[in-house]
Amino acid sequence: MIGNNLQSAVPGRVVNSARKQRILTFLMVVGPGLIVMEADNDAGAVSTYTQAGAQYGTHLLWVLLLLLPICYFVQEMVARLGIVTGEGHAAMIYRRFGSWWGTFSLIDLQVANFLTLVTEFAAISLAMSKLGVSPLIAVPLSAVALIGLVFTGSYLRWERIVIGLCLLDVAWFVMAGICAPHWKDAAIHTVVPNLPKGPISSSLVFMIIAIVGTTIAPWQLFFQQSCVADKRLRMSDLKFARWDTMLGAIFTILVGGAMILVGDAAYRHQIPFSDPAQMAADLAPSVGPFVKNALLLMMVNAAVLGTTAISLSSAWAYGEVKGWPHSLHRKFKEAPGFYIVYGACVFGAAAVVLIPKVPLQLVIVSVQVLAGLMLPSAIIFLQLMLNDRQLLGDEYVNRPWNNWVNWIIITVLFLLSLLLGAQVALPNLFPAS
Amino acid sequence: MIAQKNPSSDTFIVIHPLDDAPEVKRTGEHLGEMEMTRGVRTLLLVLRGYLILMIALLGYHILDLAGVFSRHLHR
């Protein structure tokens, strides 16, 4: 029996239909796409989306819908590149574009990632304070737990735990339901692009740019490519990796929409927005304690997801460029550099948050602008690499329609990046409110 | 190899990527730097200038937000 021989030779699972085979293969492949998308709904995203809802109600939901295909197309390209080359993004930039671009991308990534990690721990500190836990306990404990998550030497263990954390985000749908939004208005504002009444203000422009910036971040390119390489996805897995990426994109946009709907509750109850933790406390009398506690816990969950993914993107990128062993399959003693970079990112950011009077607003502005600057150029490199026939061959290079879509995305992101730069240089470009 | 079909019994064996034999990848180790047209090279040069300018602008803005310039003026 060929089947029995195969079964004894390889550690596979036997199924009796092609349909079951496809489902099982998908379940084995799913992970990097879902994680990269959902981890992008990090503490900064919670803050941005709830603020968008609290200040503009459901008016900006259409921006999220527009971002769905952009998320998918960009991340599909990195998944393809990772599967075909078996290498990470940083390594590919170094190899194909030389040391200037390699160094620039790596430094920019590390700086933007570290600043983002500071905002993640700031969110943990803020949310746990509102739950009555001192930041001096919550922040170090979270850092230790985040270290423990990866130091097991098992990619699968890390992936399963993180997928579990991603799925906890369904709590946002429950919270949105309890907040009882005007569903009809929300549906209309999702499919019909519209702006709140009044002039186009500086804060509205910043908010739209922030939504774009928080939904597609540069670290995601580095993370997913390294992750599919670490998971050793095969070229025949590409179809399932695309489904994984699509599933992740849809889930993250739906969760982002739910966050806007929760923020919309503050808009309808005329609660001024300062930060999501304060909003949770202010909303409690109107929508009940469940939403308050769930929102605070989901803030922590978002920050934990963001921290592990962002720190890994840094550690993988550094390991690739330095030529160090860099894999979650390895124990600490087999890949010390990789784990030290991960640990330094986590503990460094946690330590910064514990410094009294750290200028968090400066950190947040820097993160947004650095990410906004880096993203369009990172996607240009992606576009060039995905047209690299020498590297990918005819089978895996972009099709002409892929290129058209990507150049439109790059143009839009560049325009937003220029607008952001103009806003920074000329703060009075648009009216203040 | 995702799955192997057993032709005699219509069953499939599905193998997890981490348990499968490593496959040959297109790493491009032998390729070196990418061959680029003059247009692409110019585009990257412009991009480099743009990024340096924008980072300088960001640095200025951050120092401004931190009050470095206003403190200097007060003296």
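Residues numbered from 1 in each chain as written. Chains lettered and ligands numbered in written order. Predicted model: local features only at pLDDT ≥ 70, side-chain atom pairs only at ≥ 80, totals over all residues. Heavy atoms only, no water.

Section: the overall build of chain A
Going by this rule: Helical segments are the DSSP runs of H or I of at least four residues, strand segments are the runs of E of at least two, and each set is numbered from the N terminus. It is over C-alpha atoms that the radius of gyration is taken, and the globule rule equals 2.2 Å times the number of residues to the power 0.38. Burial classes follow relative accessibility: with a 1.4 Å probe on protein chains only, a residue under 20% of its type's maximum area counts as buried, one over 50% as exposed, and anything between as partly exposed. Here, two residues are considered to be in contact whenever any of their heavy atoms come within 4.5 Å of each other. For the accessible areas, the method is Shrake-Rupley and the probe is 1.4 Å, while residue cover comes only from the protein chains on display. For the purpose of charge, His is not counted, nor are the chain termini; Lys and Arg are scored as positive and Asp and Glu as negative. All charge positions are set by atom: Lys at NZ, Arg at CZ, Asp at CG, Glu at CD.
When helices and strands are counted, chain A shows 19 helices and 1 strand. What you see for chain A is a C-alpha radius of gyration of 22 Å, in line with the 22 Å of a compact globule of 433 residues. A buried classification covers 62% of the 433 residues belonging to chain A. In chain A, of all internal contacts separated by at least 6 residues, the share reaching a separation of at least 24 is 84%. Accessible surface, chain A as shown: approximately 16,300 Å² in total, 67% of it carbon and sulfur. If you average the places of the 26 positive and of the 21 negative side-chain charges in chain A, the two averages end up 6 Å apart.

What about the overall build of chain B?
Each helix and strand in chain B was counted, giving 2 helices and 2 strands. When its helices and strands are written in sequence order, chain B yields β-β-α-α. Burial statistics for chain B: of 75 residues in total, 32% are counted as buried. Carbon and sulfur atoms form 61% of the exposed surface of chain B, whose accessible area is close to 5,100 Å².

A look at a nonpolar patch on the surface
Residue and element names in this part refer to chain A. Operational definition: For patch building, the residue pool is restricted to those with more than 30% relative accessible area and no salt bridge; the joining distance is 9 Å between like charges and 5 Å between nonpolar side chains (Val, Leu, Ile, Met, Phe, Trp, Tyr). A carboxyl oxygen of Asp or Glu within 4 Å of a side-chain nitrogen of Lys or Arg is what we treat as a salt bridge.
A contiguous nonpolar surface patch, about 390 Å² in accessible area, is contributed by Val170, Phe173, Met246, Ile250 and Leu254. The element best represented in the nonpolar patch is helix α13 (residues 238–268), accounting for 3 residues. In this fold, phenylalanine 173 is placed in helix α9 (residues 171–178).

A look at the pattern of salt bridges
A side chain of one charge can pair with a side chain of the opposite charge if their charged atoms are brought near each other. All names here are of chain A. Tallied over the full model, the rule gives 10 salt bridges over all chains. Two residues, glutamate 87 and arginine 95, come together in a salt bridge whose shortest N-O distance is 2.5 Å. With relative accessibility at 15%, the residue glutamate 87 sits in the buried group. For arginine 95, a relative accessible area of 22% gives the class partly exposed. Close ionic contact of aspartate 264 with arginine 268 constitutes a salt bridge, the shortest N to O distance being 2.9 Å. Taken together, the positions of aspartate 264 and arginine 268, both in helix α13 and 4 residues apart, correspond to about one turn of that helix. What emerges from the salt-bridge pattern is a single network uniting Glu76, Arg80 and Arg242.

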